[in-house]
Amino acid sequence: MNKKLAAALSGGAVLVLALSGCGGDDETNDKLNSWAKEVCDSVQPQIKKIAAANASIQKETSDDSAPEDVQKADSQGFQDISDAYKAMATAIQQAGAPDVEDGQKKQKAAVAELNQLSTAYADLKKKSDALNTKDQAKFADGLEGVATELEKLSKTGSDALKELEKGEVGQAMAEQESCRSATTSGAASAPAVPTKS
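Residues numbered from 1 in each chain as written. Predicted model: local features only at pLDDT ≥ 70, side-chain atom pairs only at ≥ 80, totals over all residues. Heavy atoms only, no water.

Undergrad: It is not clear to me how the environment of Gly77 should be interpreted in this structure. Could you clarify?
TA: With respect to the secondary-structure elements, Gly77 resides in helix H3 (residues 67-95). Under the relative-accessibility criterion, Gly77 is labelled buried at 2%. C-alpha of Gly77 to C-alpha of Ile50: the two residues are 27 residues apart in sequence and 8.0 Å apart in space. Not counting chain neighbours up to four residues away, the residues in contact with Gly77 comprise Ala53 and Ile57. (Helix = DSSP H or I, 4+ residues; strand = E, 2+ residues; numbered from the N terminus. Buried < 20%, exposed > 50% of the residue type's maximum accessible area, 1.4 Å probe, protein only. Contact = heavy atoms within 4.5 Å.)

What follows is the structure in C-alpha cells.
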C-alpha cells in the first residue's frame, strides 16, 4: 500500500523535469535569454523544494512509520509542493511572455497549469489531514485513496509547460546555469523508495 504512494510520488517528479530546460545551445536573442534567466533563477529553488518534499514523504511512507508521522510528513510535503508550484506560476507570470511566437498564449497556459497543480496538491493535503490515524486499517485505506489521487496527478502531465519550453525558449533555458544545475543535481527526480508491503 505504501509502495503505491512512493511510486506515485516518483511519478510526480516528472512534472518538475519539464521545467529543468534541456536543449541545444543555439544563438537566441538577448530578450529571450534574460527572460529564461529570470524564470530559471526563480524556478530552481522551487524544484529543489518539491524534490525535498517528495523525499520527506517517501522516507515516512515506509511500513514501520506510525500513521501520525506519515500524516504529518504528507501534510507538510503536499503543502510545500503546492507552495512551490504556486511560486513557479507567479515567477512565470511576473517574467511576462517570452519573446517568441505565441509567447503570451504559452505563458498563460503554463501559469494556469502550475496554479492547477498547486490547487491539486493543496487538496491532497486536506485529504491527508482528514485521515483517521487512530485506526490503522482506515488510515491505510485513506492513504490508498491519496496515493491513487497522486498517481492521477502525476499522469496529468505538464503539456503547457512543455509547450512553453519548445524551440527557442527551451534553448535559452538550457543555456541558463540555474536550469542546468536543476537538472544535473538530480533534485528533479526523486526515485521511489522500495518499502515492505
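Read on, since the account is not over.
Undergrad: What should I look at first to understand the packing of H3 against helix H5 (residues 136-155) in this one?
TA: Axes are the key here: two packed helices are described by the angle between their axes and the distance separating the axes. At a closest axis distance of 11 Å, the pairing of H3 and H5 adopts a crossing angle of 25°. When the interaxial angle is binned, H3 and H5 end up roughly parallel. The element H3 and its partner H5 pack so that their crossing is left-handed. In this structure, H3 uses Pro67, Val70, Gln71, Asp74 and Phe78 to contact H5, whose residues at the interface are Gln136, Phe139, Leu143, Val146 and Leu150. Its residues placed into classes, the contact of H3 with H5 shows seven nonpolar, two polar and one charged. (Axes fitted to C-alpha atoms, helices over the stretch in contact; angles between N-to-C directions. Parallel < 35°, antiparallel > 145°, perpendicular 65-115°, else oblique. Left-handed = near helix turned anticlockwise from the far one by under 90°. Nonpolar A, V, L, I, M, F, W, Y, C, P; charged D, E, K, R; others polar.)

Undergrad: Honestly, H5 in this entry has me stumped. Any pointers?
TA: Working note: α-helix, 3.6 residues per turn, so residues spaced by three or four point in the same direction. Taking 1.5 Å per residue as the helical rise, H5 with its 20 residues ought to reach 28 Å, and the 28 Å between its terminal C-alpha atoms agrees with that figure. Residues of H5 that are buried include every one of Phe139, Gly142, Leu143, Val146, Ala147, Leu150, Leu153 and Ser154, and no others. For H5, the angular spread of buried residues about the axis comes to 150°, placing them on one side. When the buried face of H5 is taken as reference, the exposed residues oriented beyond 90 degrees from it are Lys138, Asp141, Lys152 and Lys155. (Expected span 1.5 Å × (residues − 1). Arc of directions from axis to C-beta.)

Undergrad: How do you make sense of unusual backbone geometry when you look at a structure like this?
TA: Leave glycine aside and you will find that most residues have negative phi; peptide bonds, for their part, are mostly trans. If you check the backbone angles, Asp102 has positive phi at about 60° while not being a glycine. Residue class for Asp102 comes out partly exposed when judged on its relative accessible area of 44%.

Undergrad: Help me out: how do you make sense of the pattern of salt bridges in this one?
TA: Side-chain pairs of opposite charge can arise whenever the charged atoms involved come near each other. What the rule picks out here adds up to six salt bridges. With a shortest N-O distance of 2.7 Å, Asp41 and Lys37 are connected by a salt bridge. Taken as a pair, Asp41 and Lys37 lie in helix H2 (residues 30-60) at a separation of four residues, close to a single helical turn. A relative accessible area of 35% places Asp41 in the partly exposed class. With a closest N to O distance of 3.8 Å, Lys152 and Glu149 form a salt bridge. Taken together, the residues Lys152 and Glu149, both in helix H5 and three residues apart, mark about one turn of the helix. Since its relative accessible area comes to 31%, Glu149 is described here as partly exposed. Via salt bridges that share partners, Lys127, Glu149 and Lys152 belong to a single interconnected network. (Salt bridge = Lys/Arg side-chain N within 4 Å of Asp/Glu carboxyl O.)

Undergrad: Got a minute to help me understand the packing of aromatic side chains in this structure?
TA: What the rule picks out here adds up to two aromatic pairs. Look at Phe78 and Tyr121: their rings are 6.2 Å apart centre to centre, the planes differ by 45°, and that puts the pair in the tilted class. Remark: Tyr121 occurs in helix H4 (residues 103-129) and Phe78 occurs in helix H3; sequence separation between them is 43 residues. Taken as a pair, Phe78 and Tyr121 share a single burial class, namely buried. Among the aromatic residues, ring-to-ring pairing joins Phe78, Tyr85 and Tyr121 into one connected group. (Phe/Tyr/Trp six-rings, centres within 6.5 Å; stacked < 30°, edge-to-face > 60°.)

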